[in-house]
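For reference, the chains in residue letters:
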Amino acid sequence: MAPLQNDRFLRALLRQPVDRTPLWMMRQAGRYLPEYRATRAQAGSFMGLCTHPELACEVTMQPLRRYDMDAAILFSDILTIPVPCHLRGVFYARRCSSSNARRSASSS
């Protein structure tokens, strides 16, 4: 197995010394990206995005390709939990303008 190129996040989790505090990206932080929107359109729906491992992996990695981050949290959503429980749900699409995303990010 090849050695990891960036293990800062893993070392921090193990309480080992690191050169700086690791940064990581949650999926919600990337949904304003044009490449995320294109991948979601390819999936056909939000649930399609959640249930296709290749697409979920793709949207997880997109912010890491753009920004110098140490890790990403694998894309999923808490709203997928009712599905295997045979509970019905409906997802409503909501547009997020880039100005709203910037305003939300700056207030965090």
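Nothing here was measured: the structure is a model prediction, and the numbers come from that model. (Residues numbered from 1 in each chain as written. Predicted model: local features only at pLDDT ≥ 70, side-chain atom pairs only at ≥ 80, totals over all residues. Heavy atoms only, no water.)

Our focus in this paragraph is the overall build of the chain. On a plain count of helices and strands, the chain comes out with five helices and two strands. Start at the N end of the chain and walk to the C end: the helices and strands fall as α-β-α-α-α-β-α. Counting only residues that meet the buried cut, the chain has 24% of its 108 residues in that class. With the model as given, the accessible surface of the chain reaches about 8400 Å², and the carbon-plus-sulfur share is 59%. (Helix = DSSP H or I, 4+ residues; strand = E, 2+ residues; numbered from the N terminus. Buried < 20%, exposed > 50% of the residue type's maximum accessible area, 1.4 Å probe, protein only. Areas by Shrake-Rupley, 256 points an atom, 1.4 Å probe, with all protein chains shown as cover.)

Helix length check: helix α4 (residues 53–66) (14 residues) gives 21 Å between terminal C-alpha atoms against 20 Å at 1.5 Å per residue, within 8%. If you look at α4, its biggest bend is around 25°, right at T60, and the proline P63 turns up within four residues after that. Those residues of α4 not exposed but buried are L55, A56, V59, T60, Q62 and P63. On its buried face, α4 sits against β1 (24–25), α2 (34–43), α3 (46–51) and β2 (71–72). (Expected span 1.5 Å × (residues − 1). Bend = angle between axes of the 7 residues up to and from the residue. Contact = heavy atoms within 4.5 Å.)

What follows is about a nonpolar patch on the surface. Together, L4, L10, L13 and L14 line one region of the surface with nonpolar side chains, adding up to about 440 Å² of accessible area. A residue is classified by how much of its surface remains accessible, and L10, at 44% relative accessible area, is partly exposed. (Patch = residues over 30% accessible without salt bridge, like charges linked within 9 Å, V, L, I, M, F, W, Y side chains within 5 Å. Salt bridge = Lys/Arg side-chain N within 4 Å of Asp/Glu carboxyl O.)

On to the pattern of salt bridges. Pairs can form between side chains of opposite charge once their charged atoms are near each other. Inspection of every chain in the model, using the stated rule, returns six salt bridges. The salt bridge involving E58 is made with R65; its shortest N-O contact spans 2.9 Å. Take E58: its relative accessible area is 26%, and that puts it in the partly exposed class. Judged by relative accessible area, which is 55%, R65 ranks as exposed. Because the salt bridges share partners, they merge into one network encompassing R8, D19, R20 and D70.

Take the side chain of R8 next. Tracing the backbone through its elements, the reader meets R8 in helix α1 (residues 8–13). The exposure class of R8 is buried, given its relative accessible area of 13%. Within the structure, the side chain of R8 is placed 2.7 Å from the side chain of D19, a separation counted as a polar contact. Once residues within four sequence positions are removed from consideration, R8 is found in contact with V18, D19, R20, P22 and D70. (Polar contact = N/O pair within 3.5 Å; in protein donor to acceptor, adjacent residues only side chain to side chain.)

This next bit is on α2. Within α2, the full set of buried residues consists of Y36, T39 and A43. Angularly, the buried residues of α2 cover 65° about the axis, an arc narrow enough to put them on a single face. Opposite the packed face of α2, turned more than 90 degrees from it, sit the exposed residues A41 and Q42. Buried residues along α2 sit in contact with α3 and α4. Directly after α2, the chain includes G44, whose backbone phi takes a positive value near 90°. (Arc of directions from axis to C-beta.)

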